[in-house]
Amino acid sequence: MTSFYFKLPVWLVAALTLAGCAVGPNYRRPQVIVPADFRGGPDGASTNSFGDLPWWGVFKDPALQDLVRAALTNNYDLRITLTRVDQARAIQAQARSQFLPQVGYDGEAARGRDTYLGTPTLFPRPTTTDSYLAGFQAFWEIDLWGRVRRMNEAARANFMASQEGRRAVMISLVSGVAQAYFELLELDDQLAIAQRTKESYERTLKLFSDQHAGGLASKLEVSRAELALRSVTATIPEIERQIGLKENEINTLLGRNPGPVPRTSTLLAQEMPVEIPVGLPSGLLERRPDIREAEQQVRAANAEIGVAIGDFFPRIGLTTLYGGTSTDFDKLLKSEANIWSAAATAAGPVFTGGRLTARYRQTKAAWEETKLRYQQTALTAFREVSDALISHRQYEDERVEQTQAVGAGREAVELATARYKEGKASYYEVLEAQQQLYPAENSLSRIEAARRLTIVQLYQSLGGGWSLKDAAWTGASK
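This paragraph deals with helix α4 (residues 76–97). Here α4 contains 22 residues, and its C-alpha end-to-end distance of 32 Å stays within 8% of the 32 Å for a straight helix at 1.5 Å per residue. Three or more residues of α4 are buried, namely Leu78, Thr81, Val85, Ala88, Gln92 and Ala95. Angularly, the buried residues of α4 cover 85° about the axis, an arc narrow enough to put them on a single face. The exposed set on the far side of α4, more than 90 degrees from its buried face, consists of Tyr76, Gln87 and Gln94.

Right under this line is the structure:
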């Protein structure tokens, strides 16, 4: 035994030196074809990105900021994601514990005939005896091949992936609340347009009714004016219904029961950024949490290959035992009852029926899957940014034209009404001008909302501006 302990440090050093290398492939980021710039983006490359701004620097409406803060505190999807992060953290701690010796205790008390601690024993004559055992055992697997390190690497990558998943949910939540809020303001605007048009049609109906009473207009003119009025009035309950549903949607995102949503601003009062730098496409790989999450999944799958390879090699470890055993309980802790042992162990597979090979092939296929998902996620990200940029540019051009159309429609209504009062135009001109103005104003409202929704989509597609220090949303109070 003395010789064993003398040699033990020597081969332990040798084993730990060999353990510097881990079996399996080292991680390398999968290649992604990165475009030179974003299609539809501004001319000229810029290293700054709109996505680097914190959400409170993009959505400046105080009412909207309050809604976002409430959502980041109470939203159930986010809270569920946080529990997944806690689970991944605990799994990583389990994997990390395998680097340390595993210590346990054991105790046994038995009474039997020609047995000692339940094991048959040949005594000089048949004897019924009591037997006791108490002690501590320890086992430490020497990670000679790096199997444990690969397991820890996979667990850490899964934990990091859960962190990125949390950030992705937070960005999606912020964008979802902002989008629903702007859609609610659009409905408010459409309701205001409908009510304003209703008032205009009421004035026209009164004008035609007065003309008819004086014998200057026909009953047909009055009926047509009333038809236009009732058609617009019928749209108001539908808009109010959509407003109620949209408020319920927002409250669900906030983790609240259905109810009204306070807002003190209008759609047109929402600020639009003058310039929108998008940065370099390569920066998207470092900023978007869904891409970072997919990469961590690739890293975990790569480490699992090393774990599968490590299962082919023997597991080498040290075991120790210290305790006492005696036929008398009161002598169990005395020196003459002490027992101890120290041993080196090695165990490995010889024949498993192809199980280990199949496991290795499974991990290789899983790695290939995660690699393809990572590349697909990056490709989708480039497309989403480009879609948002193209939409933003086209909506700007459309807004200019539609604004002019609404201005011309309002002027046409004023001129037609004045001409009708002077007897220079028929009622058809007045009704036609009014009926063309109402949808034109609704179209402009939809375009204005779409412009703001595009900003939300672009902000989300660029990664939302969440850095590690921004992960605590409490910074919104700055």
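Turning our eyes to something else, we now look at the pairing of strand β1 (residues 102–113). Burial analysis of β1 places just one of its 12 residues in the buried class, which makes it a mostly uncovered element. Direction of pairing for β1 relative to strand β4 (residues 128–142): antiparallel, over a ladder of 12 bridges. The partner of Gly104 across the bridge, within β4, is Gln137.

The next point concerns the pattern of salt bridges. Under the defined criterion, the tally for this structure stands at 33 salt bridges. Residue Arg263 pairs with Asp188 through a salt bridge whose shortest N-O separation is 2.8 Å. Here Asp188 lies in helix α5 (residues 147–213) and Arg263 lies in the loop between α6 (219–253) and α7 (281–287), a separation of 75 residues in the sequence. Judged by relative accessible area, Arg263 falls into the partly exposed class, the value being 23%.

This part covers the nonpolar core. A general trend in soluble globular proteins is that nonpolar side chains are found buried together. Phe59 and Leu458 are the most contacted members of the largest nonpolar core, which totals 78 residues. Breaking this core down by element, the ones donating at least two residues are α2 (55–58), α3 (62–74), α5, α6, α7, α8 (289–310), α9 (355–421) and α10 (427–461). Looking at this core element by element, the count peaks at 18 residues for α5. When sequence neighbours within four positions are dropped, the list of residues in contact with Leu458 reads Phe50, Ile276, Val278, Val385, Ala388 and Leu389.

Moving on: the packing of aromatic side chains. For the coordinates displayed, the defined rule picks out seven aromatic pairs. Where Trp55 meets Trp56, the ring centres are 5.4 Å apart and the plane angle is 85°; that geometry is what we call edge-to-face. Residue Trp55 shares its accessibility class with Trp56, and that shared class is buried. Measuring from ring centre to ring centre gives 6.2 Å for Tyr181 and Phe182, while their planes differ by 55°; the resulting arrangement is tilted. Grouping aromatic residues by their ring pairs yields a cluster made of Phe50, Phe59, Tyr181, Phe182 and Tyr459. Over the ring of Tyr76 we find Arg79, and its NZ or CZ is 4.8 Å from the ring centre.

With that settled, consider the environment of Val350. Looking at the element boundaries, Val350 is found in the loop between β6 (338–347) and α9. Under the relative-accessibility criterion, Val350 is labelled exposed at 83%. Sequence separation between Val350 and Pro314 is 36 residues; the distance between their C-alpha atoms is 9.8 Å.

A residue-level look at the chain finds 91% of positions with pLDDT of 70 or above and a mean pLDDT of 86. At the low end of the mean pLDDT range in the chain sits helix α1 (residues 2–18), at 46; at the high end sits α8, at 95. Ignoring residues within four places in sequence, the model shows residues 468–478, a span with pLDDT below 50, making 15 contacts including any to other chains.

With that settled, consider the environment of Ile305. In this structure, Ile305 sits in helix α8. With relative accessibility at 2%, the residue Ile305 sits in the buried group. Note: C-alpha distance between Ile305 and Glu441 (136 residues apart in sequence) is 61 Å. In this view, Ile305 contacts Pro25, Tyr360, Thr363, Lys364 and Trp367; residues no more than four positions away in its chain are not counted.

Cut-off values and rules
- Each chain has its residues counted from 1, following the order in which its sequence is written.
- Per-residue local features of the predicted model are confined to residues with pLDDT of at least 70, and side-chain atom pairs are confined, for both listing and counting, to 80 or more; whole-chain, interface and lining totals are unaffected and use all residues.
- By convention in this description, side-chain values take in all heavy atoms of the structure and omit both hydrogens and water.
- For the purposes of this entry, the term helix denotes a DSSP run of H or I that reaches at least four residues, the term strand denotes a run of E that reaches at least two, and both are numbered from the N terminus.
- What a helix should span is 1.5 Å times the count of its residues minus one.
- Here's how the labels work: a residue is buried when its accessible area is under 20% of the maximum for its type, exposed when over 50%, partly exposed in between, all with a 1.4 Å probe on protein chains only.
- It is the directions from the helix axis to the C-beta atoms that the arc portrays.
- Here a strand pair is declared whenever DSSP counts at least two bridges between the two strands.
- Here a salt bridge means any side-chain nitrogen of Lys or Arg lying within 4 Å of a carboxyl oxygen belonging to Asp or Glu.
- Note on terminology: a nonpolar core comprises buried Ala, Val, Leu, Ile, Met, Phe, Trp, Tyr and Cys residues joined through side-chain atoms within 4.5 Å.
- Every residue pair with non-hydrogen atoms within 4.5 Å of one another is taken to be in contact.
- Planes of paired rings set the category: under 30 degrees apart is stacked, over 60 is edge-to-face and the rest tilted, where pairs are Phe, Tyr or Trp rings (Trp by its six-membered ring) whose centres lie within 6.5 Å.
- Definition used: whenever NZ (Lys) or CZ (Arg) falls within 6 Å of the ring centre and also within 35 degrees of the ring normal, the charge is taken to sit over that ring.
- By definition, pLDDT measures how confident the predictor is in each residue, and it falls between 0 and 100.

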